[in-house]
Amino acid sequence: MSAAMDTESTYSGYSHYSGHSKKAHRQGRDRHKSPRSKDGSRSEKSVTIQTPPAEPLLGNDASRAEEGQDDNWGETTTAITGTSEHSISQEDIARISKDLEDSVGLECKRYLGLTVAAVLGLLVFLTPIAFILLPQILWRDDLEPCGTVCEGLFISVAFKLLILLIGTWALFFRQPKADIPRVFVFRALLLVLIFLFVFSYWLFYGVRILDSKDTNYQGIVQYAVSLVDALLFIHYLAIVLLELRQLQPMFTVKVVRSTDGESRYYSLGHLSIQRAALVVLENYYKDFTVYNPALLTASKSRAAKHMAGLKVYNVDGNNASGQSRAMIAAAARRRDSSHNELYYEEADHERRVKKRRARLVVAVEEAFTHIKRLQAEEQQKAPGEMMDPREAAQAIFPSMARALQKYLRTTRQQQYHSMESILQHLSFCITNNMTPKAFLERYLNPGPTLQYDRDRWFSKQWTLVSEEAVTSGLQDGIVFVLKCLDFSLVVNVKKIPFIKLSEEFIDPKSHKFVLRLQSETSV
């Protein structure tokens, strides 16, 4: 408890956040927003992909403000103000209302599809049972005795229905990962096929069995068995269309992030554009490093400074050609020396990063060495006096906090790591007896989005922009874009080329050779 109180008193003041960094971060994010008017004027088709409400993925600015996240937790002053830094316009209100309407429409569409599929599945499983029970209820006295044959058919129908139930549960009843903008074509075709198939069986059953009150009960039972067999074959067809068809790679997609140009390559099978977009997003969250707009501000300020150096002014309106040429020459020399400035800036930044990284590594190793000493002392104490991992993390965190904060600021990662998240990671490493290198891995190398707080860095909504219909399959040369609030992913599809292999036979005797020694040798 004393260690926790010391840590809290030491870091009670570590909550000052620079207003300038907030505004720069917000302005950098706003500059990457694309106006809706531009999207509407293009000939492309724009649809929206939303994540299911079971896993809320917050990505708007309001939620980030409500988090109360304190990035610069290493300062020693606290700034409290009553002035709000957020404003909202009529355009924002209209956009929010439209997003709410779209979300309500997607929810209704998703639940309507689930309701139709559930009703149709219930009809499919009750139809064979109804075929067998209706004659027993309506004209039982007129039925011919069936005996052992019908009892065997009853057992066959029961087990086939059980297998069909398990297969349907495994294939169709899954937690949805996302709301796609259009209907899944193959699944809709399978539902229509099953409906037409069951309807035709009911039509034949009503005309040939119910109207005539057929007394051949064995034939009626065999008719129900044939229905169950056909449903099993339709289930096999569903497995081929929904699962097996997309396994063989047929296309290679290149995914490029629009802001920093980071790219990845993936192999996909026969998929529609909207399903390919889902696969791209699933891989994006685990393969791409987290988006950091702070890394783009330095290059933009440098470019603006060099562009400002190329301006030439003529105040008096005179033709001072010599002076103008001199100013142009000076601006050209400044432009030619810009690569030197870039080189020295990058070299200085790398030097500072290496220096602060070395300090951080040493501080963390000393802190973990202190943990080992504490563990050795705790083993000698009574069980009730032992320190839990959380208290141990709070005890050693002050010794490494300053070095860690400086390194995160230098690498512009401070907005991704709060003091609470670092303490949780430190206590996790202590609990699992991890080394200092394992603790530092999260901070020395920027990780994927999944590594960070999903409520802050996961995008809630993506917009799919494609010139082709999103239900059409992938083709060679198709380009579609996935847009979110801060950036977009440009996806370029290329077909895997046809590869022709030829065989060449090598005679085993061709590897044999004869060593001939000259007679003049001394051997």
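Cut-off values and rules
Residues numbered from 1 in each chain as written. Predicted model: local features only at pLDDT ≥ 70, side-chain atom pairs only at ≥ 80, totals over all residues. Heavy atoms only, no water. Helix = DSSP H or I, 4+ residues; strand = E, 2+ residues; numbered from the N terminus. Contact = heavy atoms within 4.5 Å. Areas by Shrake-Rupley, 256 points an atom, 1.4 Å probe, with all protein chains shown as cover. UniProt positions renumbered as here; feature names shortened; annotations may be inferred. Buried < 20%, exposed > 50% of the residue type's maximum accessible area, 1.4 Å probe, protein only. Axes fitted to C-alpha atoms, helices over the stretch in contact; angles between N-to-C directions. Parallel < 35°, antiparallel > 145°, perpendicular 65-115°, else oblique. Nonpolar A, V, L, I, M, F, W, Y, C, P; charged D, E, K, R; others polar. Disulfide = S-S within 2.5 Å. Salt bridge = Lys/Arg side-chain N within 4 Å of Asp/Glu carboxyl O. Pairing = 2+ DSSP bridges. Left-handed = near helix turned anticlockwise from the far one by under 90°. Patch = residues over 30% accessible without salt bridge, like charges linked within 9 Å, V, L, I, M, F, W, Y side chains within 5 Å. Lys, Arg positive; Asp, Glu negative; His and termini not counted. Charge placed at Lys NZ, Arg CZ, Asp CG, Glu CD. Expected span 1.5 Å × (residues − 1). Core = buried A, V, L, I, M, F, W, Y, C linked by side-chain atoms within 4.5 Å.

> Report on the overall build of the protein chain, specifying residues and quantitative values.
Helices and strands together make up the secondary structure of the protein chain, namely 16 helices and six strands. Sequence-distant contacts in the protein chain: of pairs separated by 6 or more residues, those separated by 24 or more amount to 79%. Only carbon and sulfur atoms are counted for the fraction: they give 58% of the accessible area of the protein chain, which is about 33,000 Å².

> Go over the UniProt feature "transmembrane region" (unreviewed entry) in the protein chain with me, naming the residues and quoting the values.
When the UniProt feature table is mapped onto this chain, "transmembrane region" (unreviewed entry) is found at residues 111-133, 153-172, 184-204 and 224-244. Between the C-alpha atoms that bound residues 111-133 there is a distance of 32 Å. The span itself is 100% helix and 0% strand. Taken end to end, residues 153-172 is 100% helix and 0% strand, and its two terminal C-alpha atoms sit 28 Å from one another.

> Describe unusual backbone geometry, and please don't skip the residues or the numbers.
Positive phi values are uncommon outside glycine, yet Lys213 reaches one of about 50 degrees. Turning to its location among the elements, Lys213 is positioned in the loop between helix 7 (185-210) and helix 8 (217-244). A relative accessible area of 48% means that Lys213 is categorised as partly exposed. If you check the backbone angles, Asn433 has positive phi at about 55 degrees while not being a glycine. Tracing the backbone through its elements, the reader meets Asn433 in the loop between helix 14 (419-431) and helix 15 (436-444).

> Hey, could you go over the packing of helix 7 against helix 8 for me, with residue numbers and the actual values?
Relative to each other, helix 7 and helix 8 sit at 170 degrees, their axes nearing to 11 Å. Comparing the axis directions of helix 7 and helix 8 gives the class roughly antiparallel. From helix 7, Phe186, Arg187, Leu190, Leu193, Ile194, Phe197, Tyr201, Phe204, Tyr205 and Ile209 reach across to helix 8, where they touch Ile220, Tyr223, Ser226, Leu227, Ala230, Leu231, Ile234, Leu237, Ala238, Leu241 and Leu242. By residue class, the composition of the contact of helix 7 with helix 8 is 19 nonpolar, one polar and one charged.

> If you had to explain the state of the cysteines to someone new, which residues and values would you point to?
Taken as a whole and judged by the stated rule, the model has one disulfide. Here Cys146 engages in a disulfide with Cys150; their sulfurs sit 1.3 Å apart. Here the disulfide of Cys146 and Cys150 is right-handed, its torsion about the S-S bond being about 90 degrees. Cys146 sits in the buried class, given a relative accessible area of 17%.

> Give a detailed account of the pattern of salt bridges, specifying residues and quantitative values.
In a structure, side chains of opposite charge can pair up when their charged atoms sit close to one another. What the rule picks out here adds up to eight salt bridges. Ionic contacts of the salt-bridge type, sharing partners, join the residues Arg257, Asp260, Glu262 and Arg264 into one network.

> Please give an account of the pairing of strand 5 (residues 479-483) that cites residues and values.
Strand 5 sits mainly inside the fold: four of its five residues count as buried. The sheet contact formed by strand 5 and strand 6 (residues 488-495) spans five bridges and is antiparallel. In the strand pairing of strand 6, Phe480 is matched with Val491. Here strand 5 hands over to strand 6 after four residues, the two strands then running antiparallel side by side.

> Residues and numbers for the environment of Leu171, please.
Position of Leu171 relative to the elements: it lies in helix 6 (residues 148-172). Classification of Leu171 by relative accessible area gives buried; the value is 6%. Between the alpha carbons of Leu171 and Glu243 there is a distance of 8.8 Å; along the sequence they are 72 residues apart. Sequence-distant contacts of Leu171, defined by excluding residues within four places in its chain, comprise Arg187, His235, Ala238, Ile239, Leu242 and Glu243.

> How would you sum up the packing of helix 6 against helix 8? Please name residues and give values.
For the pair helix 6 and helix 8, interaxial distance at closest approach is 10 Å and the crossing angle is 20 degrees. When the axis of helix 6 is compared with that of helix 8, the two are roughly parallel. The two elements helix 6 and helix 8 meet at a crossing, and its hand is left-handed. Here the contact of helix 6 with helix 8 is composed, by residue class, of 18 nonpolar, five polar and three charged.

> Lay out the pairing of strand 2 (residues 251-257) in plain terms, naming residues and giving numbers.
Successive side chains on a regular strand alternate, one facing one side of the sheet and the next facing the other. Only one face of strand 2 is buried, namely the one carrying Phe251, Val253, Val255 and Arg257, since none of Thr252, Lys254 and Val256 on the opposite face is buried. Once strand 2 ends, the chain turns through five residues before running back antiparallel as strand 3 (residues 263-268), passing Gly261 with a positive phi of about 80 degrees. Judged from the seven bridges that link them, strand 2 and strand 6 form a sheet pairing that is antiparallel. Pairing of Val253 across the sheet is with Val493, part of strand 6.

> Please provide a residue-by-residue account of a positive patch on the surface, values included.
On the surface, Lys355, Arg359, Arg402 and Lys406 cluster together into a positively charged patch. Counting only elements with at least two residues in the positive patch, the list comes to helix 12 (338-379) and helix 13 (389-410). Its location among the elements puts Lys355 in helix 12. With relative accessibility at 43%, the residue Lys355 sits in the partly exposed group.

> Requested: an account of helix 6, with residues and values cited.
In a regular helix each residue adds 1.5 Å, so 25 residues correspond to 36 Å; helix 6 covers 36 Å between its end C-alpha atoms and thus fits that length. Within helix 6, burial applies to Cys150, Leu153, Val157, Leu161, Leu164, Gly167, Thr168 and Leu171.

> Give me the nonpolar core: which residues, what numbers.
One broad trend across soluble globular proteins is that nonpolar side chains are buried collectively. In terms of nonpolar packing, the biggest core is built from 31 residues, with Phe131, Phe197 and Tyr217 touching the most fellow members. Looking at this core, the element that brings in the most residues is helix 8, giving twelve residues. In this view, Tyr217 contacts Ile132, Pro135, Gln136, Leu143, Glu144, Cys146, Cys150 and Phe154; residues no more than four positions away in its chain are not counted. Counting residues in hydrophobic clusters, the runner-up holds 28 residues, among them Ala277, Val280, Tyr291 and Leu482.

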